[in-house]
Amino acid sequence: MSTESRIAVVTGAGSGIGRGVALALAGAGWSVALAGRRREPLEETAGASAETPGALAAAGAAYVVPTDVTSPEEVTRLFESVRDRFGRVDLLFNNAGTFAGGGTPVEDLSYETWRSVVDVNLTGSFLCAQAAFRVMKEQSPQGGRIINNGSISAHVPRPHSIAYTATKHAMTGLTKSLSLDGRPYRIACGQIDIGNAATEMTARMQSGILQANGELAAEPVMAAADVAATVVHMAALPLEANVQFATVMATAMPYIGRG
């Protein structure tokens, strides 16, 4: 992608994979709009991005936009504000997500929890992709890239993870549909499926997590920076090339043969 227009939107940018990807993009010279529910963690990401080697020195290269991705109005406002500030959107890293209800047996999972996971993981991803699609279709030069954060759970489930797993399987369908519908407008869409990156959400895996055979077992993790490097690679490709699906995982985690 041309270095003259590298404007990225990262959702869930206040922590974990989102923060890591935002910092890596900033280090690669992107201007990054940081979206998430709470302003304070986003400001911390923005502050860290300014100190990242390779980051743009220009004021406003990191742009904080508190956003609830389940709100159509807030998502629309996010993308309109990024377009107004930077002139265009070249990349959406569709990352915001929740593992609410993880560990709860299916028969005990409340409707409210199910709905909250679907609203964030699936509907929120759709709303952001839709808004990005609209901007990318109309801007000049036309086009851009959407990278969806899937999961190993887009392929195989963990025990007691029905809401999360269902939404991550649905993310794959979202990715494929966006890829097809984006072709006439130079909008590429790919998906990164991540397994056991070392973040706050995966901390329990190192002490022991339920396996399919009913046992608890510690699982290896990998550096979140390795995920971020993969996203940066996907993002840097010309729009004539696309990484459709990439799986990045801790080498020895139980995935191949899982269950």
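Description of the structure in this document.

Conventions and cut-offs
Residues numbered from 1 in each chain as written. Predicted model: local features only at pLDDT ≥ 70, side-chain atom pairs only at ≥ 80, totals over all residues. Heavy atoms only, no water. Pairing = 2+ DSSP bridges. Helix = DSSP H or I, 4+ residues; strand = E, 2+ residues; numbered from the N terminus. Axes fitted to C-alpha atoms, helices over the stretch in contact; angles between N-to-C directions. Buried < 20%, exposed > 50% of the residue type's maximum accessible area, 1.4 Å probe, protein only. Contact = heavy atoms within 4.5 Å. Right-handed = clockwise from strand over helix to strand, strands pointing away. Core = buried A, V, L, I, M, F, W, Y, C linked by side-chain atoms within 4.5 Å. Disulfide = S-S within 2.5 Å. Left-handed = near helix turned anticlockwise from the far one by under 90°. Nonpolar A, V, L, I, M, F, W, Y, C, P; charged D, E, K, R; others polar. Parallel < 35°, antiparallel > 145°, perpendicular 65-115°, else oblique. Expected span 1.5 Å × (residues − 1). Arc of directions from axis to C-beta.

### A short note on the sheet that holds strand E9 (residues 245–249)
Spatially, E3-E2-E1-E4-E5-E6-E9 is the arrangement adopted by the 7 strands of the open sheet, whose pairing is parallel. Two strands bound the open sheet, and with one partner strand each, they are strand E3 (62–66) and E9. Each neighbouring strand pair of the sheet contributes to a mean axis angle of 20 degrees, computed without reference to strand direction. Where strand E2 (residues 31–36) meets E3, 5 bridges bridge the pair, whose relative direction is parallel.

### Re the environment of Leu 92
Within the element layout of this structure, Leu 92 appears in strand E4 (residues 91–94). Given a relative accessible area of 0%, Leu 92 falls into the buried group. Sequence-wise, Leu 92 and Ile 192 are 100 residues apart; in three dimensions their C-alpha atoms are separated by 13 Å. Leave out the neighbours within four places in its chain, and Leu 92 touches Val 9, Thr 11, Phe 79, Cys 128, Ala 129, Ala 132, Met 136, Arg 145, Ile 146 and Ile 147.

### A few points about the pairing of E2
Counting buried residues along E2, 6 of its 6 residues qualify, which places the element largely inside the surrounding structure. The two faces of E2 match: Ser 31, Ala 33 and Ala 35 on one face and Val 32, Leu 34 and Gly 36 on the other face are all buried. Traced from strand E1 (residues 7–11) through helix H1 (residues 16–27) to E2, the parallel crossover comes out right-handed.

### Details of the nonpolar core
Ranked by size, the top nonpolar core spans 34 residues in total, and within it Leu 25 and Ile 192 carry the most contacts. Going through the elements one at a time, E1, H1, E2, helix H2 (39–50), E4, strand E6 (187–195), helix H6 (224–236) and E9 are the ones with two or more residues in this core. Among the elements that line this core, the one with the most residues is H6, at 7 residues. Setting aside chain neighbours within four positions, we find Ile 192 in contact with Phe 93, Ile 147, Asn 148, Asn 149, Gly 150, Ser 151, Val 227, Thr 230, Val 231, Met 234, Ala 246 and Val 248. Counting 29 residues, the second largest nonpolar core, distinct from the first, contains Val 75, Val 89, Cys 128 and Val 135.

### Quick look at the state of the cysteines
Here a disulfide denotes a covalent bond joining the sulfur atom of one cysteine to the sulfur atom of another. The tally for this structure, following the rule as stated, stands at 0 disulfides. Of all cysteine sulfurs in the structure, the one in Cys 189 sits closest to Cys 128, which takes part in no disulfide; the separation is 13 Å. Assessed through its relative accessible area of 0%, Cys 128 is described here as buried. For Cys 189, a relative accessible area of 1% gives the class buried.

### Observations regarding the packing of helix H3 (residues 72–86) against helix H4 (residues 111–138)
Between H3 and H4, whose axes approach to 9 Å, the crossing angle comes to 35 degrees. The handedness of the crossing between H3 and H4 is right-handed. From H3, Pro 72, Val 75, Phe 79 and Arg 83 reach across to H4, where they touch Leu 127, Cys 128, Ala 131, Ala 132 and Val 135. For the contact of H3 with H4, the per-class residue count stands at 8 nonpolar, no polar and 1 charged.

### Overview of the packing of H4 against helix H5 (residues 162–182)
One way to put it is that H4 packs onto H5 with a least axis distance of 9 Å and a crossing angle of 15 degrees. When the interaxial angle is binned, H4 and H5 end up roughly parallel. Helix-helix and strand crossings are classified by hand; for H4 and H5 the assignment is right-handed. Taking contact as the criterion, the partners of Trp 114, Val 117, Val 118, Asn 121, Leu 122, Ser 125, Phe 126, Ala 129 and Phe 133 in H4 are, on H5, Ile 162, Ala 163, Tyr 164, Ala 166, Thr 167, Lys 168, Ala 170, Met 171, Leu 174, Leu 178, Asp 181 and Gly 182. Split by residue class, the contact of H4 with H5 holds 15 nonpolar, 4 polar and 2 charged.

### Describing H3
Because an α-helix packs 3.6 residues into every turn, residues spaced three or four apart end up facing the same way. With 15 residues, H3 extends 21 Å between its outermost C-alpha atoms, agreeing within 8% with the 21 Å of an ideal straight helix rising 1.5 Å per residue. All of the buried residues along H3 are Val 75, Leu 78, Phe 79, Ser 81 and Val 82. Looking straight down H3, one finds that the buried residues subtend no more than 160 degrees of arc, so they occupy a single side. When the buried face of H3 is taken as reference, the exposed residues oriented beyond 90 degrees from it are Glu 73 and Asp 84. Looking at the buried side of H3, the elements it contacts are E1, E2, E3, E4 and H4. Downstream of H3 by one or two residues, Gly 87 has phi in the positive range, about 95 degrees.

### Describing H6
Between the first and last C-alpha of H6 there are 19 Å, a value that for 13 residues agrees with the 18 Å anticipated at 1.5 Å per step. Of the residues making up H6, those classed as buried are Ala 224, Val 227, Ala 228, Thr 230, Val 231, Val 232, Met 234 and Ala 235. Where H6 is buried, its residues meet H1, E4, strand E5 (144–149), E6 and E9.

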